[in-house]
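Residue-level listing of the chains:
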Amino acid sequence: MGAASELAATQLRQAIRGGQFVPGEHLGEVELATRLGVSRTPIREALRLLEAQGLVEILPNKGARVIRWSIEDLEEIYDLRSMLESHAAFRAATRVRPPVVRRLFGLCADMEDAARGGPDDLVRLSELNNQFHGEIIRAADSPRLTTSLASVVQVSLVARTFAKYSPEELARSMNHHRELASAMEAGAPEWASAVMKSHVVAARNASLAAESCRSPAMREKAS
């Protein structure tokens, strides 16, 4: 994949995570090429990559669209993420290095700053959140766990944008991040695992509540 395709994939991924494209929305190659200032070939390659990552589906004779998941799908995805990422936090707390802990606290500060901003800052918050969780997953030092989590985290991030959070839910999420960083600093695996499980379950409840209110049709996959 060329540089133009990778850049297009990154921009589209950020737009999907940030809620600029909603589940089920058509992703026309011509429109995207104009929007991103590239030809259709990089767009086509970027869409194939996002399809492999579980963010987009490409349908015969219909083109690409943002993937739409049922409530039952999201419940299962969050359950898997809860098990896998809490285990990752447990492993990371026994292996994490001081420079990584410092990065985690730095990301906490950046996320808290973004959380106080406007809608554009929530897109940045989503990216910072992804970096935070990525640091913990890498610190767990388990290639198999990393592979297992990759598609699960991608999908849940699409459904759970911070724009759907209430102020209380957003504050809780920021507090969880701080506590996770503290557990890593203390080298306390049980603490880290418990906080991560609570963090993911809280995200699950907020996301499913938002999806249920937004569209009862989410209970069925798009045909």
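Definitions and limits used
- Residues numbered from 1 in each chain as written.
- Predicted model: local features only at pLDDT ≥ 70, side-chain atom pairs only at ≥ 80, totals over all residues.
- Heavy atoms only, no water.
- Helix = DSSP H or I, 4+ residues; strand = E, 2+ residues; numbered from the N terminus.
- Rg over C-alpha atoms; globule rule 2.2 N^0.38 Å.
- Contact = heavy atoms within 4.5 Å.
- Areas by Shrake-Rupley, 256 points an atom, 1.4 Å probe, with all protein chains shown as cover.
- Lys, Arg positive; Asp, Glu negative; His and termini not counted.
- Charge placed at Lys NZ, Arg CZ, Asp CG, Glu CD.
- pLDDT = per-residue confidence, 0-100.
- Buried < 20%, exposed > 50% of the residue type's maximum accessible area, 1.4 Å probe, protein only.
- Core = buried A, V, L, I, M, F, W, Y, C linked by side-chain atoms within 4.5 Å.
- Pairing = 2+ DSSP bridges.
- Axes fitted to C-alpha atoms, helices over the stretch in contact; angles between N-to-C directions.

Participant: Honestly, the overall build of the chain in this entry has me stumped. Any pointers?
Facilitator: Check the secondary structure of the chain and you find nine helices and three strands. Ordered by position from N to C terminus, the α and β elements of the chain give α-β-α-α-β-β-α-α-α-α-α-α. Scaling as 2.2 N^0.38, a compact globule of 223 residues should have a C-alpha radius of gyration of about 17 Å, and the chain matches this with 18 Å. Counting only contacts in the chain whose residues sit at least 6 apart along the sequence, the fraction spanning at least 24 positions is 73%. Carbon and sulfur atoms make up 52% of the accessible area of the chain, which totals about 10800 Å². Each charge class in the chain can be summarised by its mean position, and for the 28 positive and 28 negative side chains these summaries are 3 Å apart.

Participant: Looking at this model, I keep getting lost on the confidence of the model for the chain. Mind explaining?
Facilitator: Detailed reading of predicted coordinates is not advised where the pLDDT is low. The share of residues in the chain with pLDDT of 70 or more is 91%, and the mean pLDDT across the chain is 87. Under a pLDDT of 50 for its full length, residues 216-223 has, in the predicted model, 18 contacts with residues more than four places off or in other chains.

Participant: What's the story with the environment of arginine 13 in this structure? I'm lost.
Facilitator: Locating arginine 13 in the fold gives a position in helix H1 (residues 3-17). Since its relative accessible area comes to 14%, arginine 13 is described here as buried. Sequence separation between arginine 13 and leucine 55 is 42 residues, and the spatial gap between their C-alpha atoms is 7.7 Å.

Participant: Help me understand unusual backbone geometry in this model?
Facilitator: Peptide bonds are mostly trans, and most non-glycine residues show a negative phi. Its identity is not glycine, yet asparagine 61 carries a phi of approximately 65°, on the positive side. Mapped onto the secondary structure, asparagine 61 falls in the loop between strand S2 (56-59) and strand S3 (63-66). Among the residues examined, asparagine 61 registers a relative accessible area of 87% and is labelled exposed. One non-glycine residue, aspartate 141, lies in the positive phi region at around 55°. Mapped onto the elements, aspartate 141 comes out in the loop between helix H6 (119-139) and helix H7 (143-159).

Participant: Could you clarify how one ought to interpret the environment of proline 99 in this entry?
Facilitator: Of note, proline 99 is situated in helix H5 (residues 98-115). Residue class for proline 99 comes out partly exposed when judged on its relative accessible area of 39%. Between the C-alpha atoms of proline 99 and arginine 65, which are 34 residues apart in sequence, the distance is 40 Å.

Participant: For this particular structure, what's the right way to read the nonpolar core?
Facilitator: The nonpolar side chains of soluble globular proteins are, as a tendency, buried together. Counting residues in hydrophobic clusters, the biggest one holds 39 residues, and the most contacted among them are Leu125, Phe132, Ile136 and Met184. Going through the elements one at a time, helix H4 (71-93), H5, H6, H7, helix H8 (167-186) and helix H9 (189-214) are the ones with two or more residues in this core. With eight residues, the single largest contributor to this core is H5. Apart from residues lying up to four places away in sequence, phenylalanine 132 is in contact with Leu104, Leu107, Cys108, Met111, His177, Leu180 and Ala181. Grouped together as the second largest cluster of nonpolar side chains are 17 residues, Leu12, Leu32, Leu50 and Val56 included.

Participant: So what exactly am I meant to see when it comes to the sheet that holds S3 here?
Facilitator: Within a sheet, each strand pairs with its neighbour through backbone hydrogen bonds, oriented either parallel or antiparallel. Taken together, the three strands give an open sheet; going across it, the order is S1-S3-S2, and neighbouring strands pair in antiparallel fashion. Of all the strands in the sheet, just strand S1 (26-27) and S2 have a single pairing partner and so form its edges. Pairing geometry for S1 and S3, over two bridges, is antiparallel. When the sheet's bridge partners are listed, histidine 26 is paired in S3 with arginine 65. On top of the sheet, helix H3 (residues 40-52) reaches S1, S2 and S3; it is set at about 115° to S2, its chief contact.

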